[in-house]
Amino acid sequence: MDDTIKMDRSVVAKISFEDADDHVTFFKDKSPIERLNYACDIINSIFNSDPLQKVDRTIISTRKHADKSL
């Protein structure tokens, strides 16, 4: 079947479990602002957005909780 999805092997790397678990050393020498910037970049890449994009507030609904004391 020609429509099968194939893995892009150019983005995969082999590393040990110890190296993969060692995500702390990269951030040790970074300031809190730099850490927040990295976190924002990760979140933006996950949700495919950018910091200048406005939030679509039409997809969010709010409601009050029902009064359970009655």
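Residues numbered from 1 in each chain as written. Predicted model: local features only at pLDDT ≥ 70, side-chain atom pairs only at ≥ 80, totals over all residues. Heavy atoms only, no water.

Some remarks on the overall build of the protein chain
Tallying secondary structure elements over the protein chain gives three helices and zero strands in all. Starting at the N terminus, the α and β elements of the protein chain follow one another as α-α-α. Taking 70 residues into account, the globule formula puts the C-alpha radius of gyration at 11 Å, and the protein chain, at 21 Å, lies well above it. When its C-alpha atoms are laid out on the principal axes, the protein chain stretches across 60 × 50 × 30 Å. (Helix = DSSP H or I, 4+ residues; strand = E, 2+ residues; numbered from the N terminus. Rg over C-alpha atoms; globule rule 2.2 N^0.38 Å.)

Remarks on helix H3 (residues 32-46)
Look at H3: 21 Å from first C-alpha to last across 15 residues, which is about the 21 Å you get at 1.5 Å a residue. Once H3 finishes, Asn 48 follows within two positions and takes phi at roughly 55°, a positive value. (Expected span 1.5 Å × (residues − 1).)

Some details on the pattern of salt bridges
Applying the stated criterion across every chain, the model contains one salt bridge. Between Asp 29 and Lys 30 there is a salt bridge whose closest N-O contact spans 3.5 Å. Given the relative accessible area of 60%, Asp 29 is considered exposed. (Salt bridge = Lys/Arg side-chain N within 4 Å of Asp/Glu carboxyl O. Buried < 20%, exposed > 50% of the residue type's maximum accessible area, 1.4 Å probe, protein only.)

Things to note about a negative patch on the surface
A surface patch of like charges, here negative, comprises Glu 18, Asp 19, Asp 21 and Asp 22. Here Asp 19 lies in helix H1 (residues 17-21). (Patch = residues over 30% accessible without salt bridge, like charges linked within 9 Å, V, L, I, M, F, W, Y side chains within 5 Å. Areas by Shrake-Rupley, 256 points an atom, 1.4 Å probe, with all protein chains shown as cover. Lys, Arg positive; Asp, Glu negative; His and termini not counted. Charge placed at Lys NZ, Arg CZ, Asp CG, Glu CD.)

As for the packing of aromatic side chains
Under the defined criterion, the tally for this structure stands at one aromatic pair. Between Phe 27 and Tyr 38, the ring centres sit 5.7 Å apart and the planes meet at 80°, which makes this aromatic pair edge-to-face. Residue Phe 27 is located in helix H2 (residues 24-28), and its partner Tyr 38 is located in helix H3; the two are separated by eleven residues in the primary sequence. (Phe/Tyr/Trp six-rings, centres within 6.5 Å; stacked < 30°, edge-to-face > 60°.)

Topic: the side chain of Lys 30
Position of Lys 30 relative to the elements: it lies in the loop between H2 and H3. Ignoring anything within four residues of it in the chain, the contact list for Lys 30 reads Arg 35 and Tyr 38. (Contact = heavy atoms within 4.5 Å.)

Some thoughts on the confidence of the model for the protein chain
Per-residue pLDDT for the protein chain has a mean of 79; in total, 91% of the residues score no lower than 70. H1 is the least confidently modelled element of the protein chain, averaging 76 in pLDDT, while H3 averages 89, the highest of any element. (pLDDT = per-residue confidence, 0-100.)

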